[in-house]
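# Notes for the structure review
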Amino acid sequence: MYSYGRSSAQLAVVSNRGAYTIQESYDRLVTRRTVGGLASAVEPVLHAQGGTWISWCGRIDNSGKDRGAKLSIPPGEPRYHLQEVFLSTEEHDNYYHGFCNACLWPLCHQMTERCSFEKAYWDAYRRVNQKFARITMETRKEIYWVHDFHLALVPQLLRNMSGSATIAFFWHIPFPPPDIFQILPWGRQVIYGLLGSDLIAFHTARYVQNFFDTVACYYPARIYPEQGLIRLHNRRILVQAIPVGINCHRFEQLAADPAVRARAEEIRRSLGAEKILLGIDRMDYTKGIPERIRAMAYFLEKYPEYCGRVTLLQIAVPSRNGIGEYGVLKQEVERLVGEINGRYDRTYGAVPVRYRYQSLDQAELVAHYLAADVLLVTALRDGLNLVAKEFAISRIDGKGVLVLSPFAGAAEELHGALLANPFEPAHLAAKIKMALEMPPQEQKNRLESLRRTIKNRDVRWWWQSNLKLVKSLVSGLSPASTS
Ligand code: G6P
């Protein structure tokens, strides 16, 4: 067994989905690692410091119990505790599918036509947030670090239970401008929930500004954008842009691994294309997958000399399967792939689009990054996008071009990318051509600039920046203490 040091006793991390799912198999609990940005960003801090992670682990329980297993994680070499929260079928439908994924998710991605504002969704959201807050408070930690749009009410609930708690919040998705946010019938309550925090962090300066503007619509707060500060009801709340980083060392290590490089060669050979365009995204309507395939069709129509020479390899990672819209999107993508391949596969050369619907482990992911000539991150709207960072860091060979949507949060930092508007097929097609024809020296220069930025703000920088601010609050240097 391991023992907790003083610092480990301090931290509770709270998020809807954590780094592990739990399944029951023949009376045994089997844990499985989840893939995803939040898990890979947050887990290193618990590895380094210990603590408790409170999360839903994918199990539905209708017996009325609010929590499941408490485990030491990772199995075999435990570094921190995992406290599982149960959701009932009703909560899963109305809180997770409903308020989280049919209200807040589309709203924050500015796709209001996809929002459905049901009172039952909101009621379930409040109840589930109360449950998370109650279980979290029982851990009696000094610092509570709450994550993402699923749990926006938790900070204020924790504050009500313990006035002296130190509470940080990280919002992982875009934060929209106020005229969009205010469409939410319960917008004021959501903002009030967040304002229970001492620190609220976002990926970009634009989201911070949108948040300030939204708070100003609901509350008579004094806002100091230059200091990243809100004063409200005798409290001070820090609001900062701290974009999530990646584990650069791990990606570089994999990129140098001969087995991964051999696999990259194998992928290239098997696609039989002179040039490979790559897309890797969760299957989500925010990621612009159909728009990318249509732009590829436009590209082949406009520049027929590329027919049979270029393939778009689109990996779509299964996500939110139980939600109707995601099934519709999958069908649309599959139809479009069939259509473009039917129309432009004229030469028996490279197939226009190759499509896989599955998740990849990290080694396989890096092999794909190395196999590609161009990575297309052309989301219609995206909180940040870690795939863009992982690609640039994996290209230790100095080759490859990143085409990036200006509507992905990462565009605020990644100046070496080629920006392309995903809503305009002609523009995207022109950028694809430019990327394919970019001279090697320019590719190298752009990648160097990208890699410098990404390395300066890696995953350690991210969690340390968050916790440094929080710890300054604990030690009384607090910009957030009452004044
Ligand atoms: C986004 C959110 C995460 C979420 C992930 C996967 O990246 O910011 O909080 O975990 O999507 O979505 P899911 O609904 O499967 O947890």
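Here the structure is a predicted model, which is why all the values come from computation and not from measurement. (Residues numbered from 1 in each chain as written. Predicted model: local features only at pLDDT ≥ 70, side-chain atom pairs only at ≥ 80, totals over all residues. Heavy atoms only, no water.)

Moving on, we come to unusual backbone geometry. Residue Pro 74 follows Ile 73 across a cis peptide bond; omega there is -10°. With respect to the helices and strands, the residue Pro 74 is situated in the loop between β5 (67-73) and β6 (80-87). In this structure, Tyr 26 takes a positive phi of about 45° despite not being glycine. Checked against the element boundaries, Tyr 26 lands in the loop between β2 (20-25) and β3 (28-33). With phi around 50°, Arg 140 is a residue other than glycine that occupies positive phi space. Take Arg 140: it is sitting in the loop between α3 (119-137) and β7 (143-147). (Helix = DSSP H or I, 4+ residues; strand = E, 2+ residues; numbered from the N terminus.)

Entries for the protein in the domain assignment read domain 1 (11-241) and domain 2 (248-456). Each of domain 1 and domain 2 has a C-alpha centre, and the two are 30 Å apart. Buried surface at the junction of domain 1 and domain 2, summed over both partners, amounts to about 1600 Å²; 57% is from carbon and sulfur atoms. Ranking the residues of domain 1 by area buried against domain 2 places Trp 105, Met 111 and Arg 114 at the top, with a combined share of 32%. At the surface where domain 1 touches domain 2, the tally comes to one salt bridge. In this structure, the salt-bridge partner of Arg 114 is Glu 325, at a minimum N-O distance of 2.7 Å. Sorting the residues of the side of domain 1 that touches domain 2 by element identifies α2 (89-108) and α7 (205-218) as the ones contributing at least two each. At five residues, α2 tops the list of elements feeding residues into the side of domain 1 that touches domain 2. Grouping the constituent residues of the side of domain 1 that touches domain 2 by class yields nine nonpolar, eight polar and two charged. (Domains from an automatic or database assignment. Buried area = accessible area lost by both parts, 1.4 Å probe. Salt bridge = Lys/Arg side-chain N within 4 Å of Asp/Glu carboxyl O. Nonpolar A, V, L, I, M, F, W, Y, C, P; charged D, E, K, R; others polar.)

Another point: the side chain of Asn 94. In this structure, Asn 94 sits in helix α2. Under the relative-accessibility criterion, Asn 94 is labelled buried at 16%. Excluding anything up to four places from it in sequence, Asn 94 contacts Phe 99, Ala 120, Tyr 121 and Ala 124. (Buried < 20%, exposed > 50% of the residue type's maximum accessible area, 1.4 Å probe, protein only. Contact = heavy atoms within 4.5 Å.)

Quick look at the sheet that holds strand β8 (residues 166-170) now. Reading across the sheet, the 10 strands line up as β5-β6-β4-β1-β7-β8-β9-β12-β11-β10 and stay open at both edges, with mixed pairing between neighbours. A strand with exactly one partner marks an edge of an open sheet, and here the two such strands are β5 and β10 (222-224). With strand direction ignored, the average angle separating the axes of adjacent strands in the sheet is 20°. With five bridges joining them, strand β1 (residues 11-17) and strand β4 (residues 52-60) adopt parallel strand pairing. (Pairing = 2+ DSSP bridges. Axes fitted to C-alpha atoms, helices over the stretch in contact; angles between N-to-C directions.)

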